[in-house]
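Given next are the chains, with one letter for each unit.
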Amino acid sequence: MNKNLVRLLQAPSVLMLLLWMLVPLSMTIYFSTTRYNLLYPERSGFVGFSNYEFFLTDPAFVPAVLNTLLLVGSILVITVSVGLILAVLVDHKFPGRGIVRVMLISPFFIMPTVNALLWKNMFMNPVYGLFAVVSGFLGLEPIDWLADFPMASIIVMISWQWIPFALLIFLTSLQSQDQEQLEAAELDGANALQRFFYLTLPHLSRSLAVVIMIQTIFHLSIFAEIFVTTGGGPGYDSTNLAFLIFSQALLQFDAGVASAGGVFAIILANIVALFLIRLIGKSLVI
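Below or above, wherever it landed, is the structure these notes cover. From a predicted model like this one, the values you see are computed outputs, not experimental measurements.

1. Notes on the layout of surface pockets
The calculated volume of the largest pocket comes to roughly 440 Å³. Among the elements that line the lining of the largest pocket, the one with the most residues is helix 10 (residues 192-203), at 5 residues. Among the residues making up the lining of the largest pocket, the classes are represented as 6 nonpolar, 4 polar and 5 charged. In this structure, the second largest pocket encloses a volume near 270 Å³. Residue lining of the second largest pocket: 13 residues in total, with I217, L220, S221, A265 and A269 positioned closest to the centre.

So this is what it looks like as structure tokens:
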């Protein structure tokens, strides 16, 4: 096929993609340099980098950045390790394996808001939640998880939803592993751990890269679970960058400062992505 014809056919989708990305980004950069309050739009004006200074000196900024990195790191460790263990376990044949696989994967299809409400009301409620009932049955004092351990609670509920994603990717990759190689290693005297670390884990390196990259991109913008459960509190204990930007835009109605926060979040996401690409670039699937 003629190359010019191929480019002509690709042009509408490429143009649409550029507009979809560049227009919002350009507007965000523009608003980040203006004083623009949603309650008083007529008072807008150019302020340079004052919005960036205000956002970076906000008392909630440092806790929000640390909480964002803590969320991403903790969820990655839990989902990758648990997902890998479960994938290895359900890769072997046993009665009811199909049903078990469906049950393990199903949490990933729950909407984030529904997931947050489920954990908030059915599990972590200090009065009638499952954890409170179990604590009372054991004679222990019920714990208000969302008030006493807000970050840990959010990490648990998000990890529960994303473990199936890692499980599905790893399980798919395990299906393509050379079984003859594993059998040969077993005949040579390699035990289960040796076969896992020297054969299975290297085989899963590309899948690990995909899981880490995709989850990092999504977890940098966690919002629904925090909004539904803790509201960023107590204090700033569960405030991340996404929630801080939301509070600036729709609680304090300051679109200029919120836009500056959005630009900072984009820069942070690109720095993290660049670091991960350099770290696992050799095994990254492109």
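2. Observations regarding the side chain of D58
By the secondary structure assignment, D58 is in the loop between helix 2 (50-56) and helix 3 (61-90). Buried charge without a partner: D58 forms no salt bridge, and the closest opposite charge is R35, 16 Å away. Within the structure, the side chain of D58 is placed 2.9 Å from the side chain of Q248, a separation counted as a polar contact.

3. Considering the environment of A273
Residue placement: A273 occurs in helix 14 (residues 255-280). In the structure, A273 is positioned 61 residues away from I212 in sequence and 10.0 Å away in space, judged by C-alpha atoms.

4. Focus: a nonpolar patch on the surface
Taken together, the side chains of V14, L17, L18, W20, M21, L22, L25, I29 and I266 present a nonpolar region at the surface, about 850 Å² in accessible area. In terms of residues, the nonpolar patch owes the most to one element, helix 1 (residues 3-31), which gives 8 residues. Structurally, L25 can be placed in helix 1. The partly exposed category is assigned to L25, whose relative accessible area is 33%.

5. Quick notes on the pairing of strand 1 (residues 34-37)
Of the strand pairs in this sheet, strand 1 and strand 2 (residues 40-46) are connected by 3 bridges, and their pairing is antiparallel. Its bridge partner lying in strand 2, N37 is registered against Y40. Counting the residues between successive antiparallel strands, the hairpin from strand 1 to strand 2 contains 2 residues.

6. So, the nonpolar core
Counting residues in each nonpolar core, the largest one holds 32 residues, and the members touching the most others are L71, M157, I158 and F170. Put simply, the parts of the chain that give this core at least two residues each are helix 3, helix 5 (112-123), helix 8 (150-175), helix 11 (205-219), helix 12 (224-229) and helix 13 (241-251). Among the elements that take part in this core, helix 8 stands out by supplying 12 residues, more than any other. Not counting chain neighbours up to four residues away, the residues in contact with L71 comprise M151, I154, I155, I222, I226 and N240. Counting residues in each nonpolar core, the second largest holds 18 residues, with F55, V65, L220 and A258 among its members.

Quick notes on the rules
- Residues numbered from 1 in each chain as written.
- Predicted model: local features only at pLDDT ≥ 70, side-chain atom pairs only at ≥ 80, totals over all residues.
- Heavy atoms only, no water.
- 1 Å grid on protein atoms, 1.4 Å probe; cavity = no way out; pocket = protein on both sides within 12 Å on 5 of 7 lines; lining within 4 Å.
- Points joined across faces, edges and corners; volume = space filled by probe spheres on them.
- Helix = DSSP H or I, 4+ residues; strand = E, 2+ residues; numbered from the N terminus.
- Nonpolar A, V, L, I, M, F, W, Y, C, P; charged D, E, K, R; others polar.
- Buried < 20%, exposed > 50% of the residue type's maximum accessible area, 1.4 Å probe, protein only.
- Lys, Arg positive; Asp, Glu negative; His and termini not counted.
- Salt bridge = Lys/Arg side-chain N within 4 Å of Asp/Glu carboxyl O.
- Polar contact = N/O pair within 3.5 Å; in protein donor to acceptor, adjacent residues only side chain to side chain.
- Patch = residues over 30% accessible without salt bridge, like charges linked within 9 Å, V, L, I, M, F, W, Y side chains within 5 Å.
- Areas by Shrake-Rupley, 256 points an atom, 1.4 Å probe, with all protein chains shown as cover.
- Pairing = 2+ DSSP bridges.
- Core = buried A, V, L, I, M, F, W, Y, C linked by side-chain atoms within 4.5 Å.
- Contact = heavy atoms within 4.5 Å.

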